[in-house]
Amino acid sequence: MSEASVAHAGISRDLRDEVVAFLYREARFLDHADYDSWLALLAEDIRYVIQASPALYRRDGGARENDIAHMDDGLADLRRRIKRFQDAAAWAEDPPTRHCHIITNIEVEATDNKDEFQVYSAFVNARGRFELEDVIMAGRREDIVRNGEDGLRLVSRRVFLTQNVLLSRNINTFL
Amino acid sequence: MSEASVAHAGISRDLRDEVVAFLYREARFLDHADYDSWLALLAEDIRYVIQASPALYRRDGGARENDIAHMDDGLADLRRRIKRFQDAAAWAEDPPTRHCHIITNIEVEATDNKDEFQVYSAFVNARGRFELEDVIMAGRREDIVRNGEDGLRLVSRRVFLTQNVLLSRNINTFL
Amino acid sequence: MSEASVAHAGISRDLRDEVVAFLYREARFLDHADYDSWLALLAEDIRYVIQASPALYRRDGGARENDIAHMDDGLADLRRRIKRFQDAAAWAEDPPTRHCHIITNIEVEATDNKDEFQVYSAFVNARGRFELEDVIMAGRREDIVRNGEDGLRLVSRRVFLTQNVLLSRNINTFL
Amino acid sequence: MVKLGIQLGAGMRLRGDFEGLVDCRGGSIDRSIFWDREIYDAELQRIFARCWIFLAHESQIQNPGDFVTTYMGEDAVIVCRRKGGAIGAFLNSCTHRGNRVCLADYGNARRFVCNYHGWAFGLGGELLAVPEQQAYADERSLFDQTTLGLKAVAQVDSYKGLVFGTFDPNAPPLTEYLGAFTYYLDVLLDAEEGGTEVLGGCLKALMSCNWKLPAENFTGDAYHVQWTHQAGASAMISQRQFAYDLDRSYAANVNGHGSEFGLDGVANVAVLGHPEIVKYFRQRRATVAARLGELRAQMWGSVSSANVFPSLSFLSGVNTLRTWIPRGPHTTELRTWVIANKAMPDEIKELLRTATPRAFSPSGVLEMDDGENWELSTRAMAGVATRKERLHYGMGLHTRIDHPQLPGNVYQGQLSDANQLAFYQKWADLMSSPGPFERQDHMVAP
Amino acid sequence: MVKLGIQLGAGMRLRGDFEGLVDCRGGSIDRSIFWDREIYDAELQRIFARCWIFLAHESQIQNPGDFVTTYMGEDAVIVCRRKGGAIGAFLNSCTHRGNRVCLADYGNARRFVCNYHGWAFGLGGELLAVPEQQAYADERSLFDQTTLGLKAVAQVDSYKGLVFGTFDPNAPPLTEYLGAFTYYLDVLLDAEEGGTEVLGGCLKALMSCNWKLPAENFTGDAYHVQWTHQAGASAMISQRQFAYDLDRSYAANVNGHGSEFGLDGVANVAVLGHPEIVKYFRQRRATVAARLGELRAQMWGSVSSANVFPSLSFLSGVNTLRTWIPRGPHTTELRTWVIANKAMPDEIKELLRTATPRAFSPSGVLEMDDGENWELSTRAMAGVATRKERLHYGMGLHTRIDHPQLPGNVYQGQLSDANQLAFYQKWADLMSSPGPFERQDHMVAP
Amino acid sequence: MVKLGIQLGAGMRLRGDFEGLVDCRGGSIDRSIFWDREIYDAELQRIFARCWIFLAHESQIQNPGDFVTTYMGEDAVIVCRRKGGAIGAFLNSCTHRGNRVCLADYGNARRFVCNYHGWAFGLGGELLAVPEQQAYADERSLFDQTTLGLKAVAQVDSYKGLVFGTFDPNAPPLTEYLGAFTYYLDVLLDAEEGGTEVLGGCLKALMSCNWKLPAENFTGDAYHVQWTHQAGASAMISQRQFAYDLDRSYAANVNGHGSEFGLDGVANVAVLGHPEIVKYFRQRRATVAARLGELRAQMWGSVSSANVFPSLSFLSGVNTLRTWIPRGPHTTELRTWVIANKAMPDEIKELLRTATPRAFSPSGVLEMDDGENWELSTRAMAGVATRKERLHYGMGLHTRIDHPQLPGNVYQGQLSDANQLAFYQKWADLMSSPGPFERQDHMVAP
Ligand code: FES
Ligand code: FES
Ligand code: FES
Ligand SMILES: [Fe+3]
Ligand SMILES: [Fe+3]
Ligand SMILES: [Fe+3]
């Protein structure tokens, strides 16, 4: 299970910095519930997945990739979620949630496609609502980021949560 | 609500690295309750604010900027807080709190003032006390950092918490 | 208690980037319970310590460096822990824990030894198990990292937790 | 005789007490049933340890050794396919020191070996072997291998793919428990040849609400759809206002189970946002009518919801199946699955796999507007003045009809509290008599 | 008759029980009143559902539709300015299914629409409209719009800007409840022409302490100032030791309300660390004397604290107003405001806006030393041997005086437990008789 | 007379109730003793406020003013070395308002000054001085300095370095309480000249389990070693299977204290993974035999475990000492120390300092496999059907022997539940009679 330890092989420092800035900016958009700006960071062909995290014995293998997921969306699906977020009648979003997306552990690796990069990151997500509610989740992300004409775009994201049963009623944000 | 996505426009990598180092060092000083070193990072004209985070309907707008705040301090005020922290008779600070300031999502942007920079960051703060107490808060920060003769100085900070009601009895640190 | 504020004195940007990549990669190995890869990051003479965090009055000084610790291991000891982690009969590791090691605040400083560097970092660690268990710890780390022929190696780590009484039954990972 | 432990007080034996909390004629409910811990503790004994509780879908445990773990009330249970094909269900707690025996959500096992001392149990819960068995050789060890298996759920039975169990050996058979409600269940379970299957695994979330609030919602609350879900509906189907067609919709209940439904045929399906699925439902309507009759063919996919007492809910057309697991008086664990007809083509199943949870699951576009209501309702009950005010369940109490085809108590139009009141009447009936695990010696003398 | 739910046990009806917990002659208190959940549950019924509870400051709700949300005990309440200028206060819980109706801390609303089914309530809590009202048309729906409004707080009244409410329709009027304590309240509320206003919003924090510990602290505990706050005082006013002037300080209590105070005129003001504010108080002293008399003009800004039973506290001069909201036997939510005289110039108000919370708010330099004491005191009560030891409240029991001007029970010098004992005597008196929401059928027969 | 607070219900006075929960002849235990809060509350009064509870090791408080803080049940206690060398132990809660007086885990103090009002207490808990003492001058203040000290633990005594205390003034002396169990204790405490000391501080962890599960494990559960610890044993000593030598191993219990042990001499030592320590034990065996006799010299370092009722456990050879502090019915705080013979050379001590916690501490290689079993066992008891099933404690009930040297109730072979049943019999005996802090007026008449 060992892995070569060449840091950032073949990735320029400029690109790395761009990716870091890209993910931090994304987090800020999400914290401000600025979903239009967030959508502009996504590739047309994005696949956005927040996996379920069942407890399974090692002998049974991990969860299947195409298992039921908290979210498994393309761009049109994400737009629908955002349409609801922005709807004045989304009662459960008013008063607004107090979001904080903490992003760290950003690693960038080359892929077979010279314009696409594998990006790892980890996160803590905090959400406050009403008076006493303050919910924390943590997990990992595996992204594919594409470097195109108009800058970086998110092509794929797979989110792994440490929570099996969500310890809050929902995930009313993107991770 | 969209925003241009040029990363770090006009900010040199050196400056960015300096700012990151500056904020990490600041966090380490706070973790070690080394408040004298922390004070040395502040500009004379600093305004340090930890906002309240009330739950308000969208139609009522956000909280007013000059609302009552957990802290809304100038340098003299911060010195007073520190004077208490360092007083042997500050019973509630002995045994010392076990601090951890996690800082991430650091973004640096230019401002109209060529010597001052807008810096965004996000944080998780953990505080342990006594035997069983371990309190976690998360939030965002918006700083103005000035690049002067003697290096970087914090000119302004505005802290946003995800907690409306603080879920702990106080904030006995700086965020 | 003040400290000179020269950022990264004498540390090249390349080295800093290498160290950051090294610690992020380490975290990813730990998240994936890829302990063989993790072991390959350690120096032969590593000393790995997770300190106890007792509550002590200031007048009594801090905890002694050689106090009893949650872990105080050399390489052979770490190998033993890993041997258990990887044993099919380690019932308490099956189903596997859902790990997340959040690493931030990485600072690199020179030491008297030109090949060794003092590295500071802070962390949040989340561990999910079974259905409802999701445990969060935070703390600081002080590492010595050696730059040798075959790249960076961890020579020493001292972990400080904010928790005095562990609020979970154990630490079934490395921090 | 004296009281001991957090067992039931003697009052719980008196039918009158719980009936006073639920006034089905007057259309009002005492809020304490959503808050008080003692009432909750009684529910575990008198509802969840007595009713037929949903355990699994047969498709989750197709092969010998396949298992899932679940809960009946707060009792952890293993459900698994035995060698001969029968389904075993037994407590997930070792008879030796009580340790949880199976730690996974699902999987395949030859046997269940307890982590603590290694006692090994078979797929029927039977004790297979213990380490160092010679230490139990003497008869004074009172070691009777035949009695030391994992305690079996008293009765286990299936209805068209849904596996249920009850801890009460004297409970009526499942068919009697479901009664005529199978008429409505079949719209979900038997619309197409070959029955149903669950697609993929399970999504779970902990909600800070009493379990009865979501259960009553699914049993009959069409009323909330228009208001609660207008943003979600707008997002999914670009239609803000839902119009009730009271002439062509109904509520019906049987033995505390309830369903409300229209006859539009596609309103629930449409909410998934995939015209292909709507088209599939339309295409299959005639075939369904041949199986279930014209009326139920129109129910299939229509705007509707249903709950099997106490806590198994589903939405036809949306194809979500879920349970509300009680985890304290103010906490409920939601578990959701995607259920599909086996006969559906793979493309439709693949769409459902993502589309159903996108609409209905903890983070579903529509469901996200539900949870907060149930949590905030529960939380409000913390107030003593608030708890004094009874809730209003009076809608449409005049709409009772006789219908030539629809069985059970039937009401014209989706807008009524009739099913909810039937749910609470069933609740009060059960709560007013002791459950199977109440011990005389734990009660105060009257 | 039988016991049911987490209602009061029968014993609560017996006056003797609670009186035994509080010995005001012997100067001792039983620690269980800070720990036991059953006592806490009784407090919600017998204290918080019966006393006049602070709801809001009128300046927070100046315009029609302005509202704030708060709590009376654990009951959530909406307080709002009605069209005609009257103040409405009613339960923040829908009469339909109990959902919380208003989710914001404050704001302006034309009406409150419940998120679940859309029932709409007016600024007086009245039910304005419900969706699909025709479904309630039949009289069997028992739908009486006039009775389905949000339950009004039984009585609402104001005293010089402070709005109070009580759930008890039989509670004496507010003026009688406050009684002669208004003499002391006026130092805060009526020192200058035009009354008071709240500056900005509210700071809140959850403390792991029983609510009575901070309340008794503000009612009379000058004793802790010298020791607890020496580091804070040193930081704010470079003065470590606070010296009590027993000849020119007093404690006084009325109906369980209490205040201790000096006559120095500026010690409380000074702690804010702004000479400008001290100067302002000095300058205005004569004018205040003209309004309130010489004695109270000297109290204005002096070292002092006060509590209106049960849980509204303030510090004159520091200009902090706060409530201690009970959230369980070991948990209290502190809410703090800055209160200022409207007549104060803007510069002084602007200073107070930041200076008051800098000294007194959850993270205030002085207040940071209080919270830990209350939390650790509460936590210590977990021990059964610890709970057996009564606490000592004997200080200065001999200092009772008659004073020509000061009303109520008056004591010479700030150092006494007299006010605290009066607080607990009031507590015991209330706890020894049933509150308005106790139902006969929830009690054990004696 | 009436019930009040979360005190004991009357039933607790009836011996029969608790005895029914524990059937030592039939070898079964009712699971509710691991779950019910009322039983837990009774344990605090009848077990932890009555038994001799471990407070500290004398080496932790060698010099005057040295102190440690700990718990007896949920009562916080300060233990300190007084000027004259005597050991003081008293409640860590101020007699004034109840604040925690000492906030550190350990240290050296001249006196303990309360943070709230500055009352100062001496190393014996006596009240030394209070600020502004003149305010208490009048006799009506009922201020008797001699009675306002921190409440002393009723009895404090040591056995070979281990300090114990009891809240019960009528408890039998420590020597009587330990009785013949000192024979087994001495293997830990008196194997070498000079007694023992604790190395370094304390490691602590909160476990979600009932305290009795780990306590019963250490009192006699050799049975779990083979299965639970096989991965840990493989890692530490490259030996997967542990083979019980029933001919040369025993269980023994006295007054509810228990130990199981082999005579192999090094199996427990070996698990530390340091041949040097094994060698040391081998070398010293003869000397130990001279002190303790041949039999106990063979016990020294052998595979073994022990528990002093209720909650002090240790492993000879592994050199771990620990207590299981109750923090609620489902929560236990583990505190672990490394204990060494003073006579051991520094190299051995230095090895033990890291090797003992590496094997046995919250994150120890072997201990990490224990905690989950106890947590999951506890959690399983949440189920009402699960709680109905009694646990099996029948192993080796036939193995009782008379042994010429071993005192107490002795059993041949390490594989039996005999010690566990003796533990629970002691528990039932104590639980069936009122403890020192139960007040008549808090009980329901029978
Ligand atoms: S608890 Fe299952 S084998 Fe002992
Ligand atoms: S709960 Fe308020 S409208 Fe139904
Ligand atoms: S509480 Fe200890 S001195 Fe007042
Ligand atoms: Fe809904
Ligand atoms: Fe104070
Ligand atoms: Fe063990």
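Heads up: the structure comes first, above all this text.
Here we summarise the structure given alongside this text. Position labels on residues start from 1 in each chain and follow its written sequence. Ligands are numbered from 1 and chains lettered from A, in the order in which they are written. Totals for whole chains, interfaces and linings use every residue, but because this is a predicted model, local features are given only for residues with pLDDT of at least 70 and side-chain atom pairs only at 80 or more, for both listing and counting. Calculation of side-chain values draws on the structure's entire complement of heavy atoms; hydrogens and water are dropped beforehand.

1. Regarding the overall build of chain D
Right, so step 1: Helix and strand counts for chain D stand at 14 helices and 22 strands.
Right, so step 2: Based on C-alpha atoms, the radius of gyration is set beside the globule rule, defined as 2.2 Å times the residue count to the power 0.38. Relative to a compact globule of 446 residues, whose C-alpha radius of gyration would be 22 Å, chain D shows 23 Å and is just as compact.
Right, so step 3: With the C-alpha coordinates aligned to their principal axes, the bounding extent of chain D is approximately 75 × 55 × 40 Å.
Right, so step 4: By definition, residues are in contact when any of their heavy atoms lie within 4.5 Å. When contacts within chain D are restricted to residue pairs at least 6 apart in sequence, long-range pairs at least 24 apart make up 69% of them.
Right, so step 5: As displayed, chain D has an accessible area near 12,800 Å², and 49% of this comes from carbon and sulfur atoms.
Right, so step 6: Counting 42 positive and 49 negative side-chain charges, chain D places the centres of these two groups 2 Å from one another. In this description a helix means any DSSP run of H or I spanning at least four residues, a strand means any run of E spanning at least two, and both kinds are numbered starting from the N terminus. All accessible areas in this document rest on Shrake-Rupley with a 1.4 Å probe, and a residue is counted as covered only by the protein chains that are shown. Only four residue types enter the charge count, namely Lys and Arg as positive and Asp and Glu as negative; His and the chain termini do not. Every charge is mapped onto a representative atom, which is NZ of Lys, CZ of Arg, CG of Asp or CD of Glu.

2. Overview of the coordination of the iron ion (ligand 4)
Residue and element names in this part refer to chain D.
Right, so step 1: Only H224 (NE2), H229 (NE2), D370 (OD) and D370 (OD) from the protein reach the iron ion (ligand 4) as donors, at distances of 2.1 to 2.4 Å.
Right, so step 2: The donor set covers N, O and S atoms within 2.8 Å of the metal, switching to 3.2 Å for Na, K and Ca, and it leaves out water, so a site may look short of donors. Geometry assignment treats four donors as tetrahedral when all angles are between 85 and 135 degrees, treats four as square planar and six as octahedral when opposite donors are over 155 degrees apart and all others between 65 and 115, and treats everything else as irregular. What the 4 donor atoms of the iron ion (ligand 4) show is an angle range of 56 to 148 degrees at the metal, which sorts the shape as irregular.
Right, so step 3: Read in sequence order, the donor residues for the iron ion (ligand 4) give the motif H-x4-H-x140-D. This pair shows no difference in class: H224 is buried, exactly as H229 is. Throughout this description, buried means an accessible area under 20% of the type-specific maximum (1.4 Å probe, protein chains only), exposed means over 50%, and partly exposed covers the range between.

3. As for the relation of the copies chain F and chain D
Right, so step 1: Screw-axis analysis of chain F against chain D gives a translation of 0.0 Å along the axis, an RMSD of 0.0 Å, and a rotation angle of 120 degrees. The symmetry that links the two subunits is that of a three-fold axis. Least squares is the method used to superpose the copies, on C-alpha atoms of residues holding a pLDDT of at least 70 in both.

4. So, the coordination of the iron ion (ligand 5)
Right, so step 1: At the metal site, the iron ion (ligand 5) is ligated by H224 of chain E (NE2), H229 of chain E (NE2), D370 of chain E (OD) and D370 of chain E (OD), and these contacts range over 2.1 to 2.4 Å.
Right, so step 2: On the basis of relative accessibility, which here comes to 5%, the residue H224 of chain E falls in the buried class.

5. A closer look at the sheet that holds strand β12 (residues 162–166) of chain F
Residues and elements named next belong to chain F.
Right, so step 1: Taken together, the 3 strands give an open sheet; going across it, the order is β3-β12-β11, and neighbouring strands pair in antiparallel fashion. Unpaired on one side and paired on the other, β3 (53–57) and β11 (155–159) mark the two borders of the sheet. Each strand axis lies, on average, 30 degrees off the axis of its neighbour in the sheet, ignoring direction.
Right, so step 2: Bridging between β3 and β12 involves 4 bridges; their strand directions are antiparallel. In the strand pairing of β12, F54 is matched with F164. By this definition, two strands are paired if DSSP reports at least two bridges between them. Think of each axis as a best-fit line through the C-alpha atoms, taken over the contacting stretch in the case of a helix, with angles from 0 to 180 degrees between the N-to-C directions.

6. Some remarks on the interface of chain F and chain D
Right, so step 1: Taken together, the contacts link 52 residues of chain F with 46 residues of chain D.
Right, so step 2: Note on terms: buried area is the combined drop in 1.4 Å-probe accessible area of two parts once they are placed together, counting the loss on both. At the boundary of chain F with chain D, total buried surface from both sides reaches about 4,100 Å², with 56% on carbon and sulfur atoms.
Right, so step 3: Think of a salt bridge as a Lys or Arg side-chain nitrogen and an Asp or Glu carboxyl oxygen that are within 4 Å of each other. Our count for the chain F to chain D interface comes out at 4 salt bridges.
Right, so step 4: Across the pair D417 of chain F and R97 of chain D runs a salt bridge, and its minimum N-O distance is 2.6 Å.
Right, so step 5: Whenever a nitrogen or oxygen atom comes within 3.5 Å of another N or O atom, the pair is scored as a polar contact, on the condition that within protein one atom can donate a hydrogen and the other can accept it, and that pairs from neighbouring residues in sequence are kept only if both atoms are in side chains. In this structure, the connection of chain F to chain D is made through 26 residue pairs in polar contact (both at pLDDT 80 or more).
Right, so step 6: Counting only elements with at least two residues in the side of chain F that touches chain D, the list comes to α1 (15–21), α2 (37–48), α5 (212–220), α6 (223–228), α12 (368–380), α13 (384–388) and β20 (391–392) of chain F.

7. Thoughts on the pattern of salt bridges
Right, so step 1: Under the defined criterion, the tally for this structure stands at 144 salt bridges over all chains.
Right, so step 2: A salt bridge links R141 of chain C to E26 of chain C; its shortest N-O distance comes to 3.9 Å. Linking R141 of chain C in strand β5 (residues 133–148) with E26 of chain C in helix α1 (residues 13–31), this pair joins segments that are 115 residues apart in sequence. E26 of chain C carries the same exposure label as R141 of chain C, and that label is buried.
Right, so step 3: Note that R353 of chain F and E350 of chain F form a salt bridge whose closest N and O atoms lie 3.0 Å from each other. Taken together, the positions of R353 of chain F and E350 of chain F, both in helix α11 (residues 346–359) and 3 residues apart, correspond to about one turn of that helix.
Right, so step 4: Overall, the relative accessible area of 7% leaves R353 of chain F in the buried class.

8. Concerning the packing of aromatic side chains
All names here are of chain D.
Right, so step 1: For Phe, Tyr and Trp, rings pair up if their centres lie within 6.5 Å, where Trp contributes its six-membered ring, and each pair is then called stacked (planes under 30 degrees apart), edge-to-face (over 60) or tilted (otherwise). One pass over the full model with this rule turns up 93 aromatic pairs over all chains.
Right, so step 2: When the centroid spacing of 4.8 Å and the interplanar angle of 75 degrees are considered together, the rings of F48 and W211 count as edge-to-face. Within this pair, whereas F48 is found in helix α2 (residues 37–48), its partner W211 is found in the loop between β13 (196–207) and α5 (212–220), the two being separated by 163 residues in sequence. Take F48 and W211: they sit in the same class, and that class is buried.
Right, so step 3: Plain terms: the ring middles of W119 and F143 are 5.9 Å apart, the flat faces sit at 90 degrees to each other, and that makes the pair edge-to-face. Here W119 is found in the loop between β8 (112–113) and β9 (120–121), whereas its partner F143 is found in the loop between β10 (127–129) and β11 (155–159), with 24 residues between them in sequence. The exposure classification of W119 matches that of F143, with both residues buried.
Right, so step 4: The structure contains a cluster of three or more aromatic residues connected by ring pairs, namely F34, F48, W211, F309, Y393, F423 and Y424.

In short, shape yes, function no, at least from these values alone.
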